[in-house]
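Breakdown of the fold
Residue strings, one per chain:
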Amino acid sequence: MSIRDVATEAGLAVGSVRHVFATKAELLEYSMALVHERTSERVTKHFSMKDPRKCAEAVLAELLPLDDQRRMDMAVNMAVVAESPSHPALRQVALDAQQAVADACSAVLTRLQNEKLISADADLGYETQRLHALVDGLALHALTADARDLRPKKILGLLRAHLSALQPG
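Summarised in this report is the structure supplied together with it. (Residues numbered from 1 in each chain as written. Predicted model: local features only at pLDDT ≥ 70, side-chain atom pairs only at ≥ 80, totals over all residues. Heavy atoms only, no water.)

1. Things to note about the side chain of His-132
Rules: In DSSP terms, a helix is any run of H or I states spanning at least four residues, a strand is any run of E spanning at least two, and both are numbered starting from the N terminus. Accessibility here uses a 1.4 Å probe with only protein chains present; expressed as a share of the type maximum, an area under 20% marks a residue as buried, one over 50% as exposed, and anything in between as partly exposed. Two residues form a contact once any of their heavy atoms are found within 4.5 Å.
Residue placement: His-132 occurs in helix H7 (residues 124-144). Using a relative accessible area of 12% as the deciding quantity, one classes His-132 as buried. Excluding anything up to four places from it in sequence, His-132 contacts Gln-98, Val-101, Ala-102 and Cys-105.

2. Some remarks on the environment of Ala-133
If you trace the backbone, Ala-133 turns up in helix H7. A relative accessible area of 48% means that Ala-133 is categorised as partly exposed. Measuring from C-alpha to C-alpha, the distance between Ala-133 and Met-49 comes to 25 Å, with 84 residues separating the pair along the chain.

3. Here's the deal with the pattern of salt bridges
We apply this condition: Each reported salt bridge corresponds to a side-chain nitrogen of Lys or Arg within 4 Å of a carboxyl oxygen of Asp or Glu.
For the coordinates displayed, the defined rule picks out eight salt bridges. Put simply, Asp-73 and Arg-38 hold a salt bridge, and the shortest N to O gap is 2.5 Å. A residue pair is termed long-range when its members are at least 10 positions apart, and Asp-73 in helix H5 (residues 68-83) and Arg-38 in helix H3 (residues 24-46) qualify at 35 residues. Taking relative accessible area as the criterion, Asp-73 reaches 4% and is therefore assigned buried. Owing to a relative accessible area of 30%, Arg-38 belongs among the partly exposed residues under this scheme.

4. Re the nonpolar core
The condition is simple: Working definition of a nonpolar core: buried Ala, Val, Leu, Ile, Met, Phe, Trp, Tyr and Cys residues. They are joined through side-chain atoms within 4.5 Å.
Leu-60, Leu-64, Leu-109, Leu-112, Leu-131, Val-135 and Leu-163 are the most contacted members of the largest nonpolar core, which has 30 residues in total. Among the elements that make up this core, the one with the highest residue count is H7 (seven residues). When sequence neighbours within four positions are dropped, the list of residues in contact with Val-135 reads Leu-60, Leu-63, Leu-64, Val-101, Cys-105 and Leu-159. Counting eleven residues, the second-largest nonpolar core is a separate cluster that includes Met-32, Leu-90, Ala-94 and Ala-97.

5. Thoughts on the state of the cysteines
Chemically, a disulfide is nothing more than a covalent bond linking the sulfur atoms of two cysteines. Spelled out, the test is: Here, a disulfide means two cysteine sulfur atoms that sit within 2.5 Å of each other.
Summed over all chains, the structure comprises zero disulfides. With no disulfide of its own, Cys-55 lies closest to Cys-105 among cysteine sulfurs, the gap being 12 Å.

6. Description of unusual backbone geometry
With a phi close to 65 degrees, Lys-116 is a non-glycine residue in the positive phi region. Take Lys-116: it is sitting in the loop between helix H6 (88-114) and H7. Exposure remark for Lys-116: the relative accessible area of 66% places this residue in the exposed category.

Have a look at this one:
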């Protein structure tokens, strides 16, 4: 992703975009803030769902590139991650995004445990890390794989299978 690409996509002159964003890092930082805001809004609305399993699936699905909007959001996230080693501000943005995913995973698992859908003695810290890794891996594969290989139905099935494996006895 470059400022030129963004300008072309938006139908603007490169100079117009550079007037607002002097660097690619500034553009990515702004873009990721929008992604975070949109994703937070989508995730938050699902926490009011009565069925904890459906809530878990809905929340986690919002973190995966299952449609054009979420694919674009994930592409921005990947661009931030790719650029973050050389830009301290972007590194913090990338870390904040990862923390938001971890927090969503933790909230989902805590609710499932409170509803006795996960063993009471399960280590939620460990399970949060496992679920976070699964979500990140599925997101990366969904973004980069041939669409025939990893369709939304299959992604959600993998997620469901993981959550089901955490159920007691």
